[in-house]
Amino acid sequence: MLTDDASQQFWDALLSRQPERVRAAFAGLDEAERDQVLKHLRRMVGEAGWHPEQKKSARAALKALKDPR
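Small disclaimer: the values here were computed from a predicted structure and weren't measured. (Residues numbered from 1 in each chain as written. Predicted model: local features only at pLDDT ≥ 70, side-chain atom pairs only at ≥ 80, totals over all residues. Heavy atoms only, no water.)

Another aspect to go through is the confidence of the model for the protein chain. The share of residues in the protein chain with pLDDT of 70 or more is 94%, and the mean pLDDT across the chain is 93. In the model of the protein chain, helix 1 (residues 4-14) stands out as the element of lowest mean pLDDT, 92, in contrast to helix 4 (residues 52-66), which has the highest, 97. (pLDDT = per-residue confidence, 0-100. Helix = DSSP H or I, 4+ residues; strand = E, 2+ residues; numbered from the N terminus.)

Encoded structure:
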């Protein structure tokens, strides 16, 4: 389990809109954690109630994770 600070750093990287940071943060997860993060990102994009900038960041993260360049 991540500490609060480590969790904040992880999400800051994942939602940074910087593909290299997104992929680096995601690479440190195991398969189950990756699945949970992808589900959460998809919820952020698809559900009401998320701030538009959060949705934009989640979309960018999903795009970076689909495109492994």
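This brings us to the packing of helix 3 (residues 31-46) against helix 4. The geometry of helix 3 relative to helix 4 is characterised by a closest axis approach of 8 Å and an angle of 135° between their N-to-C directions. Comparing the axis directions of helix 3 and helix 4 gives the class oblique. You can see that helix 3 and helix 4 cross each other, and the crossing is left-handed. Together, Leu-38, Leu-41, Arg-42, Met-44, Val-45 and Gly-46 of helix 3 and Gln-54, Lys-55, Ala-58, Arg-59, Ala-61, Leu-62 and Leu-65 of helix 4 make up the contact between the two elements. For the contact of helix 3 with helix 4, a count of residues per class yields 8 nonpolar, 2 polar and 3 charged. (Axes fitted to C-alpha atoms, helices over the stretch in contact; angles between N-to-C directions. Parallel < 35°, antiparallel > 145°, perpendicular 65-115°, else oblique. Left-handed = near helix turned anticlockwise from the far one by under 90°. Contact = heavy atoms within 4.5 Å. Nonpolar A, V, L, I, M, F, W, Y, C, P; charged D, E, K, R; others polar.)

On to the environment of Gln-36. The residue Gln-36 is located in helix 3 in this model. In this structure Gln-36 comes out as partly exposed when scored by relative accessible area, which is 48%. In this structure, the C-alpha to C-alpha distance between Gln-36 and Arg-23, residues 13 residues apart in sequence, is 15 Å. (Buried < 20%, exposed > 50% of the residue type's maximum accessible area, 1.4 Å probe, protein only.)

Here we come to the pattern of salt bridges. One side chain can pair with another of opposite charge once the charged atoms of both are near each other. One pass over the structure, following the stated rule, counts 2 salt bridges. Its salt-bridge partner being Arg-17, residue Glu-53 comes within 2.6 Å of it at the nearest N-O pair. Of this pair, Glu-53 sits in helix 4 while Arg-17 is found in the loop between helix 1 and helix 2 (19-27), placing the two residues 36 residues apart along the sequence. With its nearest N and O atoms 3.2 Å apart, the salt bridge here joins Lys-39 to Asp-35. (Salt bridge = Lys/Arg side-chain N within 4 Å of Asp/Glu carboxyl O.)

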